[in-house]
Amino acid sequence: GQQVMQIPQYQHVQEGEDFTTYCNSSTTLSNIQWYKQRPGGHPVFLIQLVKSGEVKKQKRLTFQFGEAKKNSSLHITATQTTDVGTYFCAGRGFQKLVFGTGTRLLVSP
Amino acid sequence: EAGVAQSPRYKIIEKRQSVAFWCNPISGHATLYWYQQILGQGPKLLIQFQNNGVVDDSQLPKDRFSAERLKGVDSTLKIQPAKLEDSAVYLCASSLVRRSYEQYFGPGTRLTVT
């Protein structure tokens, strides 16, 4: 079945440093979504990418969908302590949305 | 706009007991999802409803898990009998349509099976 992997599993940065998480699917995706889950909280939708090679920005966050529609990345510029949490990609293949393994981000002030 | 409501928020039961979770989606959202999230992992889809019909239940352990959405609005997920490995957070989510729309998650129910 469809599998979605993310790397790294965990990253600890100093406030102000950049952060990137990578998402790879075993199958071609029709679209990909990104969610953020704060510690003890529930996933919150960030963005959806649909087109091959698409790049979207939300303030300090940059999202990219690969040309082959099998991978994606999330880059955060100049992290802040409010960025702490686990970032999940979720890829939609034939039918269902499959969540990735997640990248946990810790930001030290 | 009210969010997705779930209850209870926490539940502790012994193995072999039964438990039920309730979810009320955002008003007007036709699609409802139940996910299982084990600590340190991403949410795993258990079942997806479109109105009151099941769209996908391929990962639902049907020998012990059941779910219903009788009137196309709120939903219940039941586990009977529970096993230790069922300890997880059970998340309910809803979306406007089945495909290509963001999912809104409820706060979840944290289940501990002892």
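Provided above is the structure to which this section pertains.
A brief structural summary. Computed from a predicted structure; not experimentally measured. (Residues numbered from 1 in each chain as written. Chains lettered and ligands numbered in written order. Predicted model: local features only at pLDDT ≥ 70, side-chain atom pairs only at ≥ 80, totals over all residues. Heavy atoms only, no water.)

Notes on the interface of chain B and chain A
The test is simple: Only heavy atoms enter the contact rule, under which two residues are in contact if any of them lie within 4.5 Å. Throughout, the accessible surface (probe 1.4 Å) given up by two parts as they are put together, summed over both, is called the buried area. When a carboxyl oxygen of Asp or Glu is within 4 Å of a side-chain nitrogen of Lys or Arg, the pair counts as a salt bridge. Any N or O atom pair separated by 3.5 Å or less is treated as a polar contact, with the protein-specific requirement of one donor-capable and one acceptor-capable atom, and with residues adjacent in sequence counted only for side-chain atom pairs. Each residue gets one label: Ala, Val, Leu, Ile, Met, Phe, Trp, Tyr, Cys and Pro are nonpolar, Asp, Glu, Lys and Arg are charged, and the others, such as Gly, are polar.
Every contact between the two is made by 20 residues of chain B and, on the other side, 19 residues of chain A. With both chains or domains summed, chain B and chain A bury close to 1500 Å², and 45% of this area falls on carbon and sulfur atoms. The interface formed by chain B and chain A contains 1 salt bridge. The residue aspartate 56 of chain B makes a salt bridge to lysine 96 of chain A at a minimum N-O spacing of 3.4 Å. Counting every contact that joins chain B to chain A gives 4 residue pairs in polar contact (both at pLDDT 80 or more). For the side of chain B that touches chain A, the class distribution of residues is 7 nonpolar, 9 polar and 4 charged.

Some details on the sheet that holds strand β8 (residues 75–79) of chain B
Residues and elements named next belong to chain B. Using the following cut-off: Two strands pair under a simple rule: DSSP has to find at least two bridges between them. A helix here means a DSSP run of H or I that spans at least four residues, while a strand means a run of E at least two residues long, and both kinds are numbered starting from the N terminus. Orientation is described by axes fitted as lines to C-alpha atoms, over the contacting stretch for helices, and by angles from 0 to 180 degrees between their N-to-C directions.
The antiparallel open sheet is built from 4 strands, whose spatial order is β1-β3-β8-β7. Each of the sheet's edge strands pairs with one partner strand only, and the pair in question is β1 (5–7) and β7 (65–68). Each neighbouring strand pair of the sheet contributes to a mean axis angle of 15 degrees, computed without reference to strand direction. For β1 and strand β3 (residues 19–24), the ladder comprises 3 bridges, and the chain directions are antiparallel. Paired with glutamine 6 across the bridge in β3 is cysteine 23.

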